[in-house]
Amino acid sequence: MKCHYCQREGTIFVENLGDWVCEEHFERYFLKRVDRVLRRVGKGSSLLFGVSGGKDSVAALHASSLVAPKYRLKLGAAIVYTGLAPDCLEVFKSLTEELRMEGVVIDLREWGIKVPPDPRAACFVCGVVNRYLLNRYAVERGYDYVATGHNLDDMAYFGFNNLITHSLDYLFYQYDSVTKPMPEYKMAGKVKPLFWVSDSDALNYVKMKGLPTCVTKCPYEGRDKQAEIKPLLNQVRKKWPSSLVNFVSSLRELAKMAEPPPRKINLCEKCGYPTSGRVCAFCRLKERLEREVV
Ligand SMILES: [Zn+2]
Ligand SMILES: [Zn+2]
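The model shown is predicted, which means the values in this text are computed figures rather than measured ones.

For the rest of this paragraph, the subject is the coordination of the zinc ion (ligand 1). The zinc ion (ligand 1) binds to the protein through Cys-3 (SG), Cys-6 (SG), Cys-22 (SG) and His-25 (ND1); the donor distances cover 2.1 to 2.3 Å. Each of the four donor atoms around the zinc ion (ligand 1) contributes to a set of angles spanning 97 to 114°, which defines the coordination as tetrahedral. All donors of the zinc ion (ligand 1) belong to a single chain; written as a sequence motif, their spacing is C-x2-C-x15-C-x2-H. Separated by 22 residues along the polypeptide, Cys-3 in the segment before strand 1 (12-14) and His-25 in helix 1 (residues 23-38) bring together distant segments of the chain. Accessibility expressed as a relative area gives 6% for Cys-3, which makes it buried.

Let us look at the coordination of the zinc ion (ligand 2). Around the zinc ion (ligand 2), the donor atoms from the protein are Cys-268 (SG), Cys-271 (SG), Cys-280 (SG) and Cys-283 (SG), and they sit 2.3 to 2.4 Å away. In this structure, the zinc ion (ligand 2) is coordinated by four donor atoms arranged in tetrahedral fashion, with angles at the metal of 103 to 114°. In the primary structure, the donors to the zinc ion (ligand 2) are separated according to the pattern C-x2-C-x8-C-x2-C. Linking Cys-268 in the loop between strand 9 (266-267) and strand 10 (274-275) with Cys-283 in helix 10 (residues 281-293), this pair joins segments that are 15 residues apart in sequence. Using a relative accessible area of 12% as the deciding quantity, one classes Cys-283 as buried.

Applying the stated criterion across every chain, the model contains one disulfide. Here Cys-88 is linked by a disulfide to Cys-214, with a sulfur-sulfur distance of 2.1 Å. The sign of the 100° torsion about the S-S bond sets the Cys-88-Cys-214 disulfide as right-handed. Of the two residues, Cys-88 sits in helix 3 (residues 86-98) while Cys-214 sits in the loop between helix 7 (199-209) and helix 8 (225-239), which places them 126 residues apart along the sequence. With respect to class, Cys-88 is no different from Cys-214; both count as buried.

Before going further, it helps to examine the domain arrangement of the protein. As far as domains go, the protein holds domain 1 (38-261) and domain 2 (264-294). A C-alpha centroid distance of 23 Å is found between domain 1 and domain 2. At the junction of the two partners, domain 1 supplies 17 residues and domain 2 supplies twelve residues. Both faces considered, domain 1 and domain 2 share a buried interface measuring about 1,400 Å² in area, 78% of it formed by carbon and sulfur atoms. Our count for the domain 1 to domain 2 interface comes out at zero salt bridges.

Within the structure shown, the criterion is met by 17 salt bridges. Measuring nitrogen to oxygen at the nearest pair gives 3.6 Å for the salt bridge that ties Asp-35 to Arg-39. The exposure class assigned to Asp-35 is buried, which follows from its relative accessible area of 10%. Note that Asp-176 and Arg-252 form a salt bridge whose closest N and O atoms lie 2.6 Å from each other. In this pair, Asp-176 is assigned in the loop between helix 6 (169-174) and strand 7 (178-179) and Arg-252 in helix 9 (residues 243-257), connecting sequence segments 76 residues apart.

So, about the packing of aromatic side chains. Summed over all chains, the structure comprises 13 aromatic pairs. Measuring from ring centre to ring centre gives 5.8 Å for Phe-158 and Tyr-170, while their planes differ by 70°; the resulting arrangement is edge-to-face. A residue pair is termed long-range when its members are at least 10 positions apart, and Phe-158 in helix 5 (residues 152-164) and Tyr-170 in helix 6 qualify at twelve residues. With relative accessibility at 21%, the residue Phe-158 sits in the partly exposed group. Directly above the aromatic system of Tyr-29 lies the positively charged group of Arg-33, at a separation of 3.7 Å from the ring centroid. Directly above the aromatic system of Tyr-143 lies the positively charged group of Lys-74, at a separation of 4.5 Å from the ring centroid.

Quick notes on the rules
- Residues numbered from 1 in each chain as written.
- Chains lettered and ligands numbered in written order.
- Predicted model: local features only at pLDDT ≥ 70, side-chain atom pairs only at ≥ 80, totals over all residues.
- Heavy atoms only, no water.
- Donors = N, O, S within 2.8 Å, 3.2 Å for Na, K, Ca; no water.
- Tetrahedral: all angles 85-135°; square planar, octahedral: opposite > 155°, others 65-115°.
- Helix = DSSP H or I, 4+ residues; strand = E, 2+ residues; numbered from the N terminus.
- Buried < 20%, exposed > 50% of the residue type's maximum accessible area, 1.4 Å probe, protein only.
- Disulfide = S-S within 2.5 Å.
- Domains from an automatic or database assignment.
- Contact = heavy atoms within 4.5 Å.
- Buried area = accessible area lost by both parts, 1.4 Å probe.
- Salt bridge = Lys/Arg side-chain N within 4 Å of Asp/Glu carboxyl O.
- Phe/Tyr/Trp six-rings, centres within 6.5 Å; stacked < 30°, edge-to-face > 60°.
- Lys NZ or Arg CZ within 6 Å of the ring centre and 35° of its normal.

Structure (C-alpha cells):
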C-alpha cells in the first residue's frame, strides 16, 4: 500500500481517511489536528493535563508538548491516583520527567475517598472525582485550562448518546475542542487536544513514539454503554471513512448555532466550587461515602 500523501510505503492505517500513510505523514497528520485545537487556546495560556497513563492521555500530553512552543503554552500534568495501579504512577512520573513539566499527584486516599468495588458505582465515583479535582487543582495552581485525552471516537459516542437520551445540555455548553475559562466561577476552561483524531490514531502515536503507557484497570471497562455503541459507530466509519469526523463537526456547529438558555452556575455552599445546585456533586458524594464507611 502506498502512503495517502507520498510515494513511500504506507505502514499505518488512518481510519478517518480510510487509507494508509507512512510514519512521517502520520506524525504530520496527527500534530496538525492537535495544532488545530491548541491554536484556539489563547497564546501564553497554561494547561493542566489530566493523565491516567492510558494511551489517550499520554498521546495528548506528548503531542501537545511538541505543538506548545508555537503558542507559548505552559503545560503541566496531574494524575488522580487511587492507590491501585502503581505502574500508572510510574508512567506518569517518567513522562513528566522526560517532558520536564510539573507533575502533580492527587492522592485520593488523602482526600478520604475510596473507589467502591462495585464497578457501576466505581465508574460514577471516578467521573465525579476526576472532573472536580482536576478543575480544583488547576484553579488553585493558576492554570487556565484542564486538558484531557478525549478523542474523536469519544466525542462521536457522547454526541450520539446525548441525542438518543435527549440530553442537550452537554451539547449546548461543552461539545467543543476548547471551552473558555470562567474564573468568576472558579472554572478552568477545557481543552481536548485529540478532538479530531481517532482511538486507533492515539494508539499508533504512542507506539510510533515508543511512549510508556499502562492499563488503567477500570473495572467497568468494556461493560458499559460505550462498549456497545462505539462498535456500531465504527461500522459506519468502516464503510464511510469521513463519517464520524463529519458527524462530530455537524453536531459542534449545530450546538454553536443554537441559542441555549443561559447556564445556571452557583458556587457550592461547602467548598465554593461551581455547581448547578446548592451543594456540588463531589461534596455530596464525599458525604455519602463517609456515611457508608461508618
Ligand atoms: Zn507519506
Ligand atoms: Zn462542593
